[in-house]
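# Report on the structure
Here are the chains, one letter per residue:
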Amino acid sequence: MINPPDSTAGVRGLVARNPLRTFFILALALSWLSWVPYILSPHGLGVWDIHFPEFLGSAQFTGVLPGALLGPLGSAFLVTAVADGRPGLRRWVARLWRWRVAWYWYALALVGVPALIVVSGLPFAGGQVQAPSILALTALVPGLIVQLFTTGLSEEPGWRDFALPRLQSRFGPLGAAAILGPIWALWHMPLYLSDWGGWPNAHWTEPVVFAAFTITFNVVMIWVFNRTGESLPVVLLLHVGVNNTISTLWADMYPGMTAGTMMFGLTILSTIAAAVLLVTTRGRLGLPRVPDQRPISTAPVPALVGSHHGTR
């Protein structure tokens, strides 16, 4: 028999009493510390002569991905194991297998949102838009698979699987969005000192616009998470579908558009989507209301004196 985690003493008790705080601190610290060599290397600030091997034409797989895996994913696993034990780990892993949802959610993640992303560039293209090449189209599925097992699995088991349900139970959907969105954006910020963020050519406004996109798109992801019964497969595909569309189709279709202009258009789109969802769901973002669990009395209700006059 496995004893439940000690919630009163030592480091285990501290983690058990503060799982969210511990997770966020570890997720940021572990990722940022792991990214320091990459940021200091020639792929970033160039003050440390260390070179990361390339995979599929990019050193980010070896320089950035390990930090992402250690941060959100590793921290979620560690805190869940300490705070909730094996039952908590089973609940955490179970969301990764909730793939039996209505087909239109997969259509939204794989077709609808990518299509909106492509269309969002039209007002800023200045007429410089072209049909995607055969090479770009054939790279869509392989790119999606690579993104799924790198970006998707490194981030979503932490942000949406571990943190979001706990945040919503304490602060509601609006509070969860207000906390998780900025932290998710903050987590990315050191990477703007590397080629991931276009260093050294990126304008200072680009991380600001990216943060705005992350915060508003987080609202969309929370809505999808809630409406699909906390399905991590759909959330994963939604996240990596955005990344894959940008990395595979965007440069091919909009050859003259800068990364900053692209992100500006995406931020406008995500802001509109977030506002619509907040208004139409009245701030619930698809989170079901917990029914009143108080027992219903079967005793007769005594008549009020003078009740025949009524109160209107």
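Right, let's walk through the structure included here. (Residues numbered from 1 in each chain as written. Predicted model: local features only at pLDDT ≥ 70, side-chain atom pairs only at ≥ 80, totals over all residues. Heavy atoms only, no water.)

In this section: the overall build of the chain. Helix and strand content of the chain: ten helices and zero strands. The secondary structure elements of the chain, listed N-terminal to C-terminal, are α-α-α-α-α-α-α-α-α-α. Within the chain, the fraction of its 312 residues that count as buried is 43%. The contacts of the chain with a sequence gap of at least 6 include a subset with a gap of at least 24, amounting to 77%. As displayed, the chain offers around 17000 Å² of accessible surface, 68% of which is attributable to carbon and sulfur atoms. (Helix = DSSP H or I, 4+ residues; strand = E, 2+ residues; numbered from the N terminus. Buried < 20%, exposed > 50% of the residue type's maximum accessible area, 1.4 Å probe, protein only. Contact = heavy atoms within 4.5 Å. Areas by Shrake-Rupley, 256 points an atom, 1.4 Å probe, with all protein chains shown as cover.)

Relative to the assigned elements, Thr-267 resides in helix 10 (residues 259–280). Taking the relative accessible area as the measure of exposure, Thr-267 reaches 9% and is therefore buried. From its side chain, Thr-267 meets the backbone oxygen of Val-209 in a polar contact 3.3 Å long. If near-sequence neighbours (up to four positions away) are discounted, Thr-267 is found in contact with Val-209, Ala-212, Phe-213 and Thr-216. (Polar contact = N/O pair within 3.5 Å; in protein donor to acceptor, adjacent residues only side chain to side chain.)

This brings us to the layout of surface pockets. Considered as a void within the structure, the largest pocket measures approximately 1400 Å³ in volume. Elements represented by at least two residues in the lining of the largest pocket include exactly helix 3 (60–63), helix 4 (65–94), helix 7 (140–188), helix 8 (205–227), helix 9 (232–253) and helix 10. Top contributing element to the lining of the largest pocket by residue count: helix 7, with eleven residues. Split by residue class, the lining of the largest pocket holds 23 nonpolar, 17 polar and three charged. Of the pockets and cavities examined, the second largest pocket occupies roughly 240 Å³. Lining the second largest pocket are 15 residues, with Val-113, Leu-116, Phe-217, Val-220 and Ala-273 sitting closest to its centre. Of all elements in the fold, only helix 5 (103–120), helix 8 and helix 10 reach the threshold of two or more residues within the lining of the second largest pocket. (1 Å grid on protein atoms, 1.4 Å probe; cavity = no way out; pocket = protein on both sides within 12 Å on 5 of 7 lines; lining within 4 Å. Points joined across faces, edges and corners; volume = space filled by probe spheres on them. Nonpolar A, V, L, I, M, F, W, Y, C, P; charged D, E, K, R; others polar.)

The tally for this structure, following the rule as stated, stands at five salt bridges. The residue Asp-161 makes a salt bridge to Arg-95 at a minimum N-O spacing of 2.7 Å. Of this pair, Asp-161 sits in helix 7 while Arg-95 sits in the loop between helix 4 and helix 5, and the two are 66 residues apart along the sequence. Owing to a relative accessible area of 1%, Asp-161 belongs among the buried residues under this scheme. Judged by relative accessible area, Arg-95 falls into the buried class, the value being 13%. A salt bridge links Arg-95 to Glu-230; its shortest N-O distance comes to 2.9 Å. A residue pair is termed long-range when its members are at least 10 positions apart, and Arg-95 in the loop between helix 4 and helix 5 and Glu-230 in the loop between helix 8 and helix 9 qualify at 135 residues. (Salt bridge = Lys/Arg side-chain N within 4 Å of Asp/Glu carboxyl O.)

Position of Ser-41 among the secondary structure elements: in the loop between helix 2 (19–40) and helix 3. Overall, Ser-41 belongs to the buried group, its relative accessible area being 0%. Ignoring sequence-local partners within four residues, the contact set of Ser-41 consists of Gly-46, Trp-48, Ile-50 and Phe-52.

Another aspect to go through is the packing of aromatic side chains. Counted by the stated rule, this structure contains 17 aromatic pairs. Ring geometry for Phe-55 against Phe-61: centres 5.2 Å apart, planes inclined by 90°, an arrangement best described as edge-to-face. Assessed through its relative accessible area of 24%, Phe-61 is described here as partly exposed. Geometrically, the ring pair formed by Trp-250 and Tyr-254 is tilted, given 4.9 Å between the ring centres and 40° between the ring planes. Taken individually, Trp-250 and Tyr-254 each receive the classification buried, so the pair is uniform in this respect. The cationic tip of Arg-160 hangs over the ring face of Trp-184; the distance from NZ or CZ to the ring centre is 4.2 Å. (Phe/Tyr/Trp six-rings, centres within 6.5 Å; stacked < 30°, edge-to-face > 60°. Lys NZ or Arg CZ within 6 Å of the ring centre and 35° of its normal.)

Another aspect to go through is a nonpolar patch on the surface. Together, Leu-45, Val-47, Trp-48, Leu-193 and Trp-199 make up an exposed nonpolar region whose accessible area comes to about 460 Å². With respect to the helices and strands, the residue Val-47 is situated in the loop between helix 2 and helix 3. (Patch = residues over 30% accessible without salt bridge, like charges linked within 9 Å, V, L, I, M, F, W, Y side chains within 5 Å.)

Moving on to helix 4. End to end, helix 4 covers just 24 Å across 30 residues, shorter than the expected 44 Å (1.5 Å per residue, more than 12% under). Of all bends in helix 4, the biggest is about 130°, found at Asp-84, and the proline Pro-87 comes one to four residues later. (Expected span 1.5 Å × (residues − 1). Bend = angle between axes of the 7 residues up to and from the residue.)

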